[in-house]
Amino acid sequence: MKDYIKIDEWRIIEEGFDPHVHKISESIFSLGNGRMGQRANFEEAYSGETLQGNYVAGVYYPDKTRVGWWKNGYPEYFAKVLNAANWVGIDIQLDGEQLDLAKCEVSDFRRELNMKEGYLKRNFKAKTSSGKEVEVETTRFCSMADDETGAIKYKITSVNFSGIIAITPSIDGDVRNQDSNYDEKFWDEVSKATWADGGYVQMRTKKTGFDVATGMKFNITVDRQPVSNIPKPATKDKYVAATVNVQVQGGQSITIFKYAANLSSQNHPADQLADLTKATLERVAAKGFDTMLAEQAAAWAKKWEHNDIIIEGDISAQQAIRFNIFQLNQTYTGEDDRLNIGPKGFTGEKYGGSTYWDTEAYCVPFYLSTAPQQVTRNLLLYRYKQLGKAIENAKLLGFDNGAALYPMVTMDGTECHNEWEITFEEIHRNGAIAFAIYNYVRYTGDEAYLGDYGLEVLLGIARFWSQRITWSGDRQQYVMLGVTGPNEYENNVNNNWYTSTIAVWCMQYALEVANKMQAADKAKYDALMAKIGFDTDREVARFKDIIAKMYYPYDEQQQIFLQQDGYLDKEQILVKDLPATQRPINQKWSWDRILRSCFIKQADVLQGIYFFEDRYDIDTIRRNFDFYEPRTVHESSLSPCVHAILAAKLGDEKRAYEFYLRTSRLDLDDYNNDTEDGCHITSMAGTWMSVVEGFGGMRVRDGKLSFQPFLPGKWASFSFHIGFRGITIKVTVSKSGVTVKNLSGTDIALLIYGKEQSVKAGVEEVFGH
Ligand code: BGC
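Residues numbered from 1 in each chain as written. Predicted model: local features only at pLDDT ≥ 70, side-chain atom pairs only at ≥ 80, totals over all residues. Heavy atoms only, no water.

The protein chain is annotated in an unreviewed UniProt entry as Glycoside hydrolase family 65 protein from Mucilaginibacter mali.

What follows is the structure in structure tokens.
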């Protein structure tokens, strides 16, 4: 755990340059706009430890799988988020001596991520080994208003020397992924050109054939006067640059405005990319940096209007929640249904592909409440469009009749995970995809989605489960053999309670939706059944039989759901009795020892209780929570939020707050010692859930929003906005009660602490605790 980030309500601030935390800061200070993003790499050269990262959403490379022991059914490729051309580079030479913070004496270093207005700022003074001193101030952003563009303002002032500063803005496509399996580079050059004040490189991904043109246009001023020196272009493989030599005296400043554009063949014809890139650059440069920055601030103001959570009385918590919301918005804007939310977003390479069950299980609630309905719908459509691939994926593993198994990790619908215990066994992910459909419809009331798209996905998933179970002659029940639950510290277990529970729920829900649709629109229902070859009599009977005769492990003595068969055979040790030196166990113990231990990586039984809480009475929830919580090591960032929400439900406010703290500053304080790989973007949605569903106790009940809030002891108040069925409300929880302000033109009926209430359009009402 580290605590070098300064506390501020709206800004993330680092003061002083410490190369040891540079990679962590490169992650934390990342920028993005949903279409592209980048780590906070320096503009000028840096020969110290760094992870270079520029990413273009949806552009990936299928790296050939590398495993020790090939298993039939493994995918051939692992689709990776690609490190793309670096557009931030501005090399600086001071009379031939390169500015490189790894080789200079650095002072007054300060980095600031302004979350309110969406830009990254950096200041420092540097003294080279020969004693030349400069002062630098840079500001840059990925434009939210114009999402194929970005801009940099780089101001360099000579403190003590007179001479030539050579400035070389560049576009460098000669980049690599650190996680390349065979040390290959993934891009080929298609074309490049330099212009008097810029240039571009068009690159093509190997195998997938995505073209991306990345271009720059720059202008330079000295003491605010344009520099007339003719830039000297330089090109090499996959690289364009131009050098401008500027004579300076001590005290003089040079400012470089660098505009960048990143256009991909996903959105434009490949053969027009070069021209379009140039035109885009002309357009944004004509606007100018200040106008672009003002547009950026306005775009972010619009986001914050509906996304912000305001915490009074705890600046650290305020900063943290805003950081989480900021990063989620930088990662996914929901305008394009081909895109999704990678666990690391645009902040690092780890986790390869972009889509995990994290999206459906953790991110959907955030986007449902804070973004237009279309955004979550696009997330669902992403999976709908990949149904064919999910069916192929199941076929590859031996299933048939339209059974669909969605991948553990994917970019385009193809599975790209390759560890058998996860690829073949962590199949609970299929359930989360069905649950997200249910969650979306429950929240939005958009029943039409079910008929148009949802039911087809639900039946594919239900068919998979109906084939994946086994009839146990011994038990005279159906069982689910050889699975890995959300707790990845157990592999190949039989009858993981969570997996069996969600599997059966999927079949129930698919049947419920099918019945509804049959009654509401028989012709449409018949057409769908014909399309997917659904044998209603036979398949429905099978689903019903499984629903009636499924086996779920249960411990009668303690009256708890058993995580899986045999869980109680394990030595029952509690996390509190583990010496701190042994944790995290995934870094300290052998895998064998982890598998044999009772320790739980992340919410498993409790994940199921969280999803289906209305099925269980409070004593059942408490017994399970009291049993599983003390055995959970939370070594997945996705875990504490579920525990926070359940602790809040159980009235354990102190614990709820403790779990919240673990997620909210996870990256800012490098809690798990891994932020340098990138930020935990998907678990950031979990942090939001801890506040809104945990402290706010928000649920949807019978088509209405319901709140059961409490105020964490340290806070004076907290408030958040919720968008629900076309209405936006602001909920404030303070010592004096719960205030609901209806910001829309329609009245809203709500449940507050279980009581029906109504808030008229435009009115604010206060309800006591
Ligand atoms: C978790 C998974 C999760 C993945 C990506 C893993 O550590 O165990 O549940 O899907 O990270 O966030």
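J.: Describe the sheet that holds strand β29 (residues 717-724), naming the residues involved and giving the relevant values.
T.: Across the sheet, five strands lie side by side as β22-β29-β30-β31-β34; this open sheet has antiparallel pairing. The open sheet is flanked by β22 (309-312) and β34 (764-767), the only strands paired with a single partner. Within the sheet, the average angular offset between the axes of one strand and its neighbour, ignoring direction, is 15 degrees. The sheet contact formed by β22 and β29 spans four bridges and is antiparallel. Bridging across to β29, I309 finds its partner in F720. (Pairing = 2+ DSSP bridges. Helix = DSSP H or I, 4+ residues; strand = E, 2+ residues; numbered from the N terminus. Axes fitted to C-alpha atoms, helices over the stretch in contact; angles between N-to-C directions.)

J.: Describe in detail the nonpolar core, supporting the description with residues and values.
T.: Membership of the largest hydrophobic core comes to 234 residues, with the highest contact counts inside it found for L99, Y154, I156, Y367, L705, I722 and I729. Top element by residues in this core is helix α11 (residues 497-520). It accounts for 14 residues. The next biggest cluster of nonpolar side chains, apart from the first, holds 17 residues, and it includes A213, Y259, L281 and A285. (Core = buried A, V, L, I, M, F, W, Y, C linked by side-chain atoms within 4.5 Å. Buried < 20%, exposed > 50% of the residue type's maximum accessible area, 1.4 Å probe, protein only.)

J.: Kindly report on the pattern of salt bridges, identifying the contributing residues and their values.
T.: This structure, assessed with the given rule, holds 59 salt bridges. D314 is paired through a salt bridge with K714; the nearest N and O atoms lie 3.8 Å apart. Of this pair, D314 sits in the loop between β22 and α4 (315-331) while K714 sits in the loop between β28 (704-707) and β29, and the two are 400 residues apart along the sequence. Here D314 falls in the buried class, since its relative accessible area comes to 8%. Among the charged side chains, a network of salt bridges with common partners joins D8, R11, E15, R110 and E112. (Salt bridge = Lys/Arg side-chain N within 4 Å of Asp/Glu carboxyl O.)

J.: Just give me the short version of the UniProt feature "binding site: substrate" (unreviewed entry) in the protein chain, but keep the residues and values in it.
T.: Here, the residues flagged by UniProt with the feature "binding site: substrate" (unreviewed entry) are W357, D358, K601 and Q602. A relative accessible area of 14% places K601 in the buried class. Residue contacts for K601: discarding those within four places in its chain leaves N487, E488, Y489, T632, V633, H634, E635, S636 and S639. Along the chain, the position of Q602 falls in the loop between α15 (591-596) and α16 (605-611). Each residue touching Q602, except ones within four places of it in the same chain, is listed here: W357, P486, N487, T632, S636, L638 and S639. (UniProt positions renumbered as here; feature names shortened; annotations may be inferred. Contact = heavy atoms within 4.5 Å.)

J.: I'd love a proper account of the sheet that holds strand β33 (residues 755-759), names of residues and values included.
T.: Spatial strand order, β27-β28-β32-β33: four strands in an open sheet with mixed pairing. Looking at the sheet topology across the chains shown, the edges are occupied by β27 (699-701) and β33. Strand-to-strand twist of the sheet, defined as the mean angle between neighbouring strand axes without regard to direction, takes the value 40 degrees. Here three bridges tie β27 to β28, and the two strands are oriented antiparallel to one another. Bridge assignment links R699 to a residue of β28, and that residue is S706.

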